[in-house]
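# A closer look at the structure
Each chain, written out:
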Amino acid sequence: MGTFLFITILELARKRRFREELSIVWLLTGLGLILSSFADLIIDPLAFKLGLSYPPALVFMITFFLFVLVILYFSVAVSDLKSRNKELSQKIALMEYKLGTLYKEEE
Amino acid sequence: MKSYLIIIPAYNEEGDIASVIGDVKDSNPGADILVVNDGSTDSTSGIARKTGVMVLDIPFNIGYGGAVQTGFRFAAERRYDFVITVDGDAQHDPYSAQNLIDAMEREQADVVIGSRFIEGTYRMGIMRKIGVRLFSMIARLYTGTNFTDPTSGFQLLNKRVFSHLSKDDNYPLDYPDVNIIMALHKMRVKVVEAPVTMKEKPRGKSMHAGLRPVIYIVRMFLAIIMVLVRKED
């Protein structure tokens, strides 16, 4: 699943359907999922070190944390876009009015 | 002579906009009138244009606060001395605008909010009533002044205030109510109330109908917290 996500994001970024800075968040998530498949090497020792007797719980915890980060990142991006959208729409309305007035003066 | 701009934010108000403009023209003959069409999908803009007033067309709906702020920007660019905001749904009686002007001169205020509760009665839903009472209390606790109608959109603002609110995110997109009173108080702006007449909404759906008052109260609380935690500009 991690490899699939990783390749898909790389492909989308390559075709310019995904901006690089946005794809980084998803690539990190994909990488996290890939690493989680090497349970014997990383997850199991780490889980036991953290005192978790059931190692998959650590995978769920990391995945959950990564997805929360992704959602937070996109919420910030949406808020930012909304502000810019407002600014643009207000400027368009004001400039259209000015343009209309100029056309009327020319006539 | 002092110049006044009356801003009428309107979203899908084709049924009322002509009568609102007519009343505003008759009641305030010396003022310029600007309709801010907030991405209406009906013929609000066309009807407003036919009356001969200035019309700004926002390409899509950005919300009440965004539309009012567009009007503030227009007023700031054209150096008006004062702006009066009147809703496009025929709820506000523009003949009361003189009360706002008189109160500003008398009290040497920067902003005057038109209150429907100082004189006369106004029927509203129970949730809306609770909201108004609650926010009145919060405004009184924070500013030390009694605001009977902090959710009123019928306001008079001087140049210093509307120029500030016209910038960036100084004016909220959706509900500019008690949070704005608090933010202005933080800026040491003098805000007072004056009696105005408001009519029951003749048609269409109020932005405070149905479940919306509950969502409105929650969002307003969040906005109030933001005013409290944000640094002064």
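Anything mentioned here points back to the structure above.
Because the structure is a prediction, the values reported are computed rather than measured.

### Structural notes on the overall build of chain B
Check the secondary structure of chain B and you find eight helices and seven strands. Intrachain contacts of chain B at a sequence separation of at least 6 include 77% that bridge at least 24 residues.

### Side note on the packing of helix α1 (residues 2-14) of chain A against helix α2 (residues 20-36) of chain A
Residues and elements named next belong to chain A. At a minimum axis distance of 7 Å, the contact between α1 and α2 shows a crossing angle of 160°. Taken together, the axes of α1 and α2 lie roughly antiparallel to each other. Note on packing geometry: the crossing formed by α1 with α2 is left-handed. Between α1 and α2, the contacting residues are Gly2, Thr3, Leu5, Phe6, Ile9, Leu12 and Ala13 on the first element and Glu20, Ser23, Trp26, Leu27, Thr29, Gly30, Leu31, Leu33, Ile34 and Ser36 on the second.

### What to know about the interface of chain B and chain A
Counting residues at the interface gives 13 residues for chain B and nine residues for chain A. Looking at the side of chain B that touches chain A, the elements with two or more residues in it are β3 (54-58) and α3 (64-77) of chain B. Per-element accounting of the side of chain B that touches chain A gives the leading share, five residues, to α3(B). Among the residues making up the side of chain B that touches chain A, the classes are represented as seven nonpolar, three polar and three charged.

### With respect to unusual backbone geometry
Residue and element names in this part refer to chain B. In this structure, Asn12 is a non-glycine residue whose phi angle is positive, near 50°. For Asn12, the position within the fold is in the loop between β1 (4-10) and α1 (17-27). Taking the number of C-beta atoms within 10 Å as the measure of exposure, Asn12 has 20 and is therefore buried.

Definitions and limits used
Residues numbered from 1 in each chain as written. Chains lettered and ligands numbered in written order. Predicted model: local features only at pLDDT ≥ 70, side-chain atom pairs only at ≥ 80, totals over all residues. Helix = DSSP H or I, 4+ residues; strand = E, 2+ residues; numbered from the N terminus. Contact = placed C-beta atoms within 7 Å. Axes fitted to C-alpha atoms, helices over the stretch in contact; angles between N-to-C directions. Parallel < 35°, antiparallel > 145°, perpendicular 65-115°, else oblique. Left-handed = near helix turned anticlockwise from the far one by under 90°. Nonpolar A, V, L, I, M, F, W, Y, C, P; charged D, E, K, R; others polar. Buried ≥ 20, exposed ≤ 12 C-beta atoms within 10 Å, placed from the backbone.

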